[in-house]
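Structural characterization, general
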Number of protein chains: 2
Amino acid sequence: MLKNTAKSALTKLPGETAGAGSRHLILETAARIFRHEGYAATSLRAIAAACNMKAGSLYYHFESKDQIVSEVLDIGVQKVFDSVKSAVQALAPGATLGATLHCAIEAHLRALLHAHDFTSANIRIFGQVPAPVRESHRMLRRAYENYWREMLEQLQRDGAIRAEADLQQTVYFLFGAMNWATEWYDDKRFDLKLVANQMADLVVLGLQAAPERASPELRPKQRKKQVS
Amino acid sequence: MLKNTAKSALTKLPGETAGAGSRHLILETAARIFRHEGYAATSLRAIAAACNMKAGSLYYHFESKDQIVSEVLDIGVQKVFDSVKSAVQALAPGATLGATLHCAIEAHLRALLHAHDFTSANIRIFGQVPAPVRESHRMLRRAYENYWREMLEQLQRDGAIRAEADLQQTVYFLFGAMNWATEWYDDKRFDLKLVANQMADLVVLGLQAAPERASPELRPKQRKKQVS
DNA sequence: GTCTATAATATGATAGAC
DNA sequence: GTCTATCATATTATAGAC
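Summary of the structure given here. (Residues numbered from 1 in each chain as written. Chains lettered and ligands numbered in written order. Predicted model: local features only at pLDDT ≥ 70, side-chain atom pairs only at ≥ 80, totals over all residues. Heavy atoms only, no water.)

**Section: the nonpolar core**
Of all hydrophobic cores here, the largest spans 92 residues; its most connected members are A:Ile105, A:Leu109, A:Trp148, B:Ile105, B:Leu109 and B:Trp148. Each residue touching B:Leu109, except ones within four places of it in the same chain, is listed here: B:Met178, B:Ala181, B:Leu192, B:Val195, B:Ala196 and B:Met199. (Core = buried A, V, L, I, M, F, W, Y, C linked by side-chain atoms within 4.5 Å. Buried < 20%, exposed > 50% of the residue type's maximum accessible area, 1.4 Å probe, protein only. Contact = heavy atoms within 4.5 Å.)

**Describing the pattern of salt bridges**
Under the definition given, this model contains 18 salt bridges over all chains. For B:Lys188, the salt bridge is made with B:Asp186, and the minimal N-O distance between the two is 3.7 Å. On the basis of relative accessible area, B:Lys188 is assigned to the exposed category, the value being 77%. Note on B:Asp186: relative accessible area 24%, which makes it partly exposed. Connected through shared salt-bridge partners, A:Glu106, A:Arg110 and A:Lys193 make up one network. (Salt bridge = Lys/Arg side-chain N within 4 Å of Asp/Glu carboxyl O.)

**Observations regarding the packing of aromatic side chains**
One pass over the full model with this rule turns up 22 aromatic pairs over all chains. With a centroid separation of 6.1 Å and 15° between ring planes, the pair formed by A:Phe34 and A:Tyr39 is classed as stacked. With 6.1 Å between their ring centres and 90° between their planes, B:Trp148 and B:Phe175 make a pair best called edge-to-face. Placement of the pair is B:Trp148 in helix 7 (residues 131-157) and B:Phe175 in helix 8 (residues 167-179), with a sequence separation of 27 residues. Every member of this aromatic cluster is reached through a ring pair, and the members are A:Phe81, A:Tyr144, A:Tyr147, A:Trp148 and A:Phe175. Cation over ring: B:Lys65 sits above B:Tyr39, and NZ or CZ is 4.5 Å from the ring centre. Positioned above the aromatic ring of B:Phe81, the side-chain terminus of B:Lys85 is 4.2 Å from the ring centre. (Phe/Tyr/Trp six-rings, centres within 6.5 Å; stacked < 30°, edge-to-face > 60°. Helix = DSSP H or I, 4+ residues; strand = E, 2+ residues; numbered from the N terminus. Lys NZ or Arg CZ within 6 Å of the ring centre and 35° of its normal.)

**Examining the relation of the copies chain A and chain B**
The relation between the two copies of this chain is a rotation about an axis and a shift parallel to it. Overlaying chain A on chain B yields an RMSD of 0.0 Å, the required transformation being a rotation through 180° with an accompanying axial translation of 0.0 Å. Here the copies are linked by what is in effect a two-fold axis. A shared binding surface is used by both copies, with 100% of the interface residues of chain A retained as interface residues in chain B. (Least-squares fit on C-alpha atoms with pLDDT ≥ 70 in both.)

Keep in mind these numbers describe shape, not what the thing actually does.
Below you can see the structure in the form of structure tokens.
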């Protein structure tokens, strides 16, 4: 109604979104609202309003509400996965259990809390989205879970992790401990580096094959897994 | 419309709810649907239908949807809290770190997975309920968290937990690891006792003040916390 | 205690103007 | 690319019959 006379000259108003970024803005806004309100309570009108748009306009960028939620879910896992993969690849080839877990845990936590709206939305609403959306997202979750389990299995084969540790369960414990940070972590109360260190220390001491606190390098590596 | 002639003689039809159990049935049903659909997507019609009732009838037992969700949230925490408290109280007074954590973790997991609909609903929808509901439930959550932190602080004062461990964070890690089991635990794939043992072993080894695998009783206790 | 009927409001999605 | 208007449907909660 008011002042849309000079609109055709600009592709976009300089509100808070730049250039061709409407799609990104919608996804980020949707993630934030999904996180706080849940899947069903998040209306397209609410997403649009927070983007200074109207509900009908979202359909230019997305086919449906489910397509929006699908992309939000995938982004949440993909950002963390990418962060951990590239951090672990940068490690020296024969990195110790301690170095590997410190690195992977810190990378997971850093990406988790940096893309907070996407990751928190993912954890909170995964169980609430329509079944087809959930099933198609599940593959990516499984791939990330397998990545961690295979990393731990390699360390166990090298003798760095005690043979009795069940690594499938260990991955579940770790994911639970790390992802719960979306619910309690607060910049003002904690330092991310120190949180990562606390968690890594706990897990490394809990998993390692034998006490190696004093001089990690001097211990002979055990090969093969022990038969019970 | 059909056959409600002899209704006044019975207080209740023998459907699947006994005696004065309509309230309980509604709460259990609500918890199950809240868990799967989320807070907003759970309609009173859906809860009522699953109880073989009509939406309007719920208002005889509850004042509003928010009162139902409030009670569901509280029950989820209270059942776990009660279970852990009574299991820990049954321990010998000077129980070791290992005995205490094995006991508390198993009690938490057992109640968590036994009251699965209530506990899973609690974890999933806590962030989505209206603010007044969330705030009034938060006290109970905080009380349970304090219970665990104080238990760990006592063990640290006794020298059983290494002084560098941050116990506030440890409680967050533990809660995350334990509560995530609502998302992956499956009777057919796992044995609860073994899961509790795996988790307790990991945490005990990760927290203990010094390696005491061989003979826990022989180590001298350290008093006071070390100044850094 | 449970029912029917209804009030007031909100939803996802579509069509077509600009 | 974004808007307005609209359809068909669903929502919580209330009132009052039985």
